[in-house]
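Spelled out from the first residue to the last, the chains are:
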There are 2 protein chains.
Amino acid sequence: MGSMAQVAPAARVTVDSLRRYGVEAFQRVGLPLEGAQIVTEVQLEASLRGQPTHNMGGVPGYAARVTKGLLNATPDIRVERETAVHAQIDGDNAPGQWVSVVAMRRAIEKAKAGGVGMATARHSNHFGAAGHYAWLAAGEGLIGLCTTNAGPCLAPWGGTTPTLGNNPLGVAIPAATYPPLLLDIAMSMAAMGKIALAIAEGQPLPPGWILDKHGQPSTDPADFRESLLGAPIGQHKGYGLSMIMETLAGVLTGASFPWEARDNRRQRRDYEPNLGHFFMAIDPRLFLPFEEFTARVDGMIAAAKGSERMEGVDEIFVPGEMELRARERNLQQGIPLLPSTYRALLDYRQKAELETELVVVQ
Amino acid sequence: MGSMAQVAPAARVTVDSLRRYGVEAFQRVGLPLEGAQIVTEVQLEASLRGQPTHNMGGVPGYAARVTKGLLNATPDIRVERETAVHAQIDGDNAPGQWVSVVAMRRAIEKAKAGGVGMATARHSNHFGAAGHYAWLAAGEGLIGLCTTNAGPCLAPWGGTTPTLGNNPLGVAIPAATYPPLLLDIAMSMAAMGKIALAIAEGQPLPPGWILDKHGQPSTDPADFRESLLGAPIGQHKGYGLSMIMETLAGVLTGASFPWEARDNRRQRRDYEPNLGHFFMAIDPRLFLPFEEFTARVDGMIAAAKGSERMEGVDEIFVPGEMELRARERNLQQGIPLLPSTYRALLDYRQKAELETELVVVQ
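Residues numbered from 1 in each chain as written. Chains lettered and ligands numbered in written order. Predicted model: local features only at pLDDT ≥ 70, side-chain atom pairs only at ≥ 80, totals over all residues. Heavy atoms only, no water.

### So, the sheet that holds strand 8 (residues 210-211) of chain A
All names here are of chain A. With antiparallel pairing, three strands are arranged side by side in an open sheet as 9-8-10. Among the strands making up the open sheet, the edge pair consists of strand 9 (217-218) and strand 10 (229-230). Here two bridges tie strand 8 to strand 9, and the two strands are oriented antiparallel to one another. The residue of strand 9 that forms the bridge with I210 is S218. (Pairing = 2+ DSSP bridges. Helix = DSSP H or I, 4+ residues; strand = E, 2+ residues; numbered from the N terminus.)

Shown next as C-alpha cells:
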C-alpha cells in the first residue's frame, strides 16, 4: 500500500522515562494520578507498538487542551444507565482514553458474566488508538471491538463535503500460541494522523490517501488543507462502513455528530467536541471451549502466514503482528521517536518545566 | 468506482410469476413448501433490489445442487445450544438461505427480549445476499448485522495464495422517514458473483477488481481463472476485515475454513462446504427511545444527502437507498432480468419441465 517514506528516528528512549514523562505532564496540569496513568498508558502502548501517531507525541497536545479548559482534568465519569448486557457512560468531557478504559472494562465485566457486553460513551474526546481497547478485551480471553466517531474528513460517495469521520475500528481476537490478532483501521485509506504526520515531516503524500475539494485523487498537501478529505477504503464501501460506525458511536450514544463540528469546511478545534464511542466484548466460550477457539484462530493465522508470497515479500503478517513484535523489541530496547515527536516532547518539557528527563538509550 | 458497462435487460417479468417459478422449482426437487418459499423469497428480494447477482438467476444452480445430493432438501435445522443472548444452529446441509432465516429470527427474538441477540450457523451453504438478513432485523426496528465465510478468493496481504473468503458483511439500520440504511459489501473490491457475471456477459473487468497469480492488479479474465484472487478493499485493511469476519462466521461456529476448500488453487464445488454464518441484532431502545434513535439516523442520512456533489453527480445516495428505490419500482413494474439470467431461467424451465411461465410485462 502507499506508505510514508521511512524517516529515521531521532532517538531511542527508555520506556520508563517516557512513562514518567506522561504521568508528570498530566498531573502537572491537574489530572489525578489514576487519570494521568491511564492516559499515559494508552499513548505509551501505541509508542511501544511502533504506531507513528496516537502515541506519546500526543501528550503535549492533550495537556495543552487541559490547560485551555477544553478537557476536564477532574471529571465525574459515570454510568448513566445499564442492563446485564450494556452500559451507557457519560464521560464528563474527560480525556477520551480515560473514558474508554472505564467503558471497555465495563463491557468486559458484562461479557464475562453473560457472554456479551456493550458500552457506549458520550461527552468524550479523542481516545487515541482504537486498537488499545480491543486489545484489553483480548487480554481477558475475549473478542474485543470498539469504534468512535471523529471530526469530519470523509465525503459521502459522489459528494465533496467533509461529512463523516474516518471512524476507526479496533478488533482484537485471542489466539493460542500466536499473539492476539489486532486490527486497528480507519475507514479512510490513511488515518488523518498519518496524513498530518507526513505533512509535518515534509514527506510527499502517497497516491490514494487524499481527495481534493472536487473529490478527485490528489497528492498535494495544499489540496488536503482545502478539502479536508481522505479517500475512503473501497470507495463507496468505506463511506458505508463509516456510517455504520457513526451509528454505533454517534447515533446510539447521544454524542455530537462530525458534520456539526464543521465551520465552513474547517474542523472546529477549540471546543468540547462531545465525541461518542462504542465498545463490545464477546466471550468465545459461549460458543466453543476456549482451547478449541484459540486453536482454530491459530489455524487461521497459520493458513495466512503459509501463503505463497509476492516477489520481494519475506514474510506474511497477520493484523497486529508487526506491531506486537515491535512492542516486544521496544520493551527490551527502548522506544524510537520520530524527529518531530522527539522535538515536541523536548520543547514541551522546557515550556512546562517538567522534571522528568527523557533517558536516551545509548 | 469501477463498474460493469450497462447491459440492457432482456425482459421485465412479473414478481408473482418469478415467485411461483422459484417455489415450483424448489418443490419439484424435493423441498417442502416452507423451505421452497424461504429460499425463493431471499433470492426474489435480491432481484427486486436490482442486485445483478445472488438473485433469481441462482435458482437453477441451487436446484441442481439438490438434485445432485449436495444440498439437503429435507433438513433438520436445529438449535444445538443457546443462552439468553445467543443460539448455535446446525444447518444440516440445508440451503443457506433457509438456515439463515431461522438463525436471524432467533437473534431477533433474543434482541427483543434482552437487547442483544447473536446466532451462529454451521453445516450451511451459500446464503445468497448478506443484506437480506440484516434487513429482516431492521424491519423489526433493530440494528441487524450478519456475515458468512465463503470460498477462498483473497490472499493475505503480501501473499498470492487464495486463503480467505471475501466474507460479505450485511448491516441494516432502521430510520424514521427514510428507508432503512442497508449496507451489503464484500471485503473484495467486487463481489465474486459480479466478477463471474462480468465474464459471463462478455464484459471487460474494470481495473481494481482482480489480481493475477503474482498478486498484481489485472483486468484480464484469464488471470482471474488462474489466480482466483479478488483485490481486497483498502489493501491490507480488507484482508484484516476478512479475518475478523472469518473469526465470527468460521472460527466461532465450528464450520469448515475456506483454505480447506481449495484443491491446487481451484475452489472445490462438488461437495458439502460446511459454511458458517454469524448473525446479530441489537435493540436501539436499549440506548435511546426509538423515535429519538430513528430521528438521529434521519439526521445522519440528511447530512450525507445534503453534501455538495462531484461534477456529474445528480444525487447523493446512502447505502441501500438505490436498491430499496429499485425495489419500490420493481414491485410496481415487474423485475428486469439480464440476458444471461433470463436465458438460464428459460432453459431450466424446459429442462425441469416446470409448469410456471415467466410472465413478461409488456
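Having seen it, we continue.
### Describing the interface of chain A and chain B
Taken together, the contact pairs 75 residues of chain A with 75 residues of chain B. Buried area between chain A and chain B, both sides added, is near 6,200 Å², and the carbon and sulfur share of it is 73%. Linking chain A with chain B are zero salt bridges. When residues of the side of chain A that touches chain B are traced back to their parent elements, those giving at least two are strand 3 (86-90), strand 4 (116-124), strand 6 (169-173), strand 7 (181-185), helix 8 (236-251), strand 13 (275-282) and helix 9 (290-305) of chain A. If one sorts the elements of the side of chain A that touches chain B by residue count, helix 8 of chain A sits on top with 11 residues. (Contact = heavy atoms within 4.5 Å. Buried area = accessible area lost by both parts, 1.4 Å probe. Salt bridge = Lys/Arg side-chain N within 4 Å of Asp/Glu carboxyl O.)

### Some remarks on the relation of the copies chain A and chain B
The two copies are related by a screw motion: chain A maps onto chain B through a turn of 180° and a shift of 0.0 Å along the axis, at an RMSD of 0.0 Å. One copy is carried onto the other by what is essentially a two-fold rotation axis. The residues that chain A uses at the interface reappear at the interface of chain B in 100% of cases, marking a shared surface. (Least-squares fit on C-alpha atoms with pLDDT ≥ 70 in both.)

### Thoughts on the domain arrangement of chain A
Accessible area lost upon the coming together of the parts is a frequently used measure of interface size. Residues and elements named next belong to chain A. Segmenting chain A into domains produces domain 1 (9-74 + 333-362) and domain 2 (83-188 + 232-319). Inter-centroid distance (C-alpha atoms) of domain 1 to domain 2 is 24 Å. On the domain 2 side, the residues contacting the 22 residues of domain 1 number 22 residues. Buried area between domain 1 and domain 2, both sides added, is near 1,800 Å², and the carbon and sulfur share of it is 60%. Three residues stand out in domain 1 for area buried against domain 2, namely V42, L70 and N72, and they jointly supply 28% of the buried area on that side. Between the two partners, domain 1 and domain 2, sit seven residue pairs in polar contact (both at pLDDT 80 or more). Among the secondary structure elements, those contributing two or more residues to the side of domain 1 that touches domain 2 are helix 2 (33-48) and helix 3 (59-67). Sorting elements by how many residues they give to the side of domain 1 that touches domain 2 places helix 2 first, with nine residues. Among the residues forming the side of domain 1 that touches domain 2, the class breakdown is 10 nonpolar, six polar and six charged. (Domains from an automatic or database assignment. Polar contact = N/O pair within 3.5 Å; in protein donor to acceptor, adjacent residues only side chain to side chain. Nonpolar A, V, L, I, M, F, W, Y, C, P; charged D, E, K, R; others polar.)

### Notes on the environment of L31(A)
Residue and element names in this part refer to chain A. Inspection of the secondary structure assignment puts L31 in the loop between helix 1 (15-28) and helix 2. By relative accessible area, which is 4% here, L31 ends up buried. The residues touching L31, leaving out its near neighbours within four places in the chain, are F26, A36, V39, V66, A73, P95 and W98. (Buried < 20%, exposed > 50% of the residue type's maximum accessible area, 1.4 Å probe, protein only.)

### Notes on the environment of A255(A)
Structurally, the position occupied by A255(A) is in the loop between helix 8 and strand 11 (262-263). In this view, A255(A) contacts R122(A), N149(A), A249(A), G250(A), N274(A), L275(A), G276(A) and R296(B); residues no more than four positions away in its chain are not counted.

### What about the packing of helix 1 (residues 15-28) of chain B against helix 11 (residues 339-352) of chain B?
Residue and element names in this part refer to chain B. Their axes nearest at 12 Å, the elements helix 1 and helix 11 cross at an angle of 40°. Here helix 1 is positioned oblique relative to helix 11, judged by the angle of their axes. You can see that helix 1 and helix 11 cross each other, and the crossing is left-handed. On helix 11, the residues touching L18, Y21, A25 and R28 of helix 1 are L345, Y348, R349 and A352. (Axes fitted to C-alpha atoms, helices over the stretch in contact; angles between N-to-C directions. Parallel < 35°, antiparallel > 145°, perpendicular 65-115°, else oblique. Left-handed = near helix turned anticlockwise from the far one by under 90°.)

### Here we look at the pairing of strand 3 of chain A
Residues and elements named next belong to chain A. When you tally the buried positions in strand 3, you get five out of five residues, the bulk of the element. With burial as the criterion, each face of strand 3 is covered, one bearing H86, Q88 and D90 and the other bearing A87 and I89. Where strand 2 (residues 78-82) meets strand 3, four bridges bridge the pair, whose relative direction is antiparallel. From the neighbouring strand, V79 faces strand 3, where its bridge partner is I89. Between strand 2 and the antiparallel strand that follows it, strand 3, lie three residues. With helix 4 (residues 96-114) bridging strand 3 and its parallel neighbour strand 4, the resulting β-α-β unit is right-handed. (Right-handed = clockwise from strand over helix to strand, strands pointing away.)

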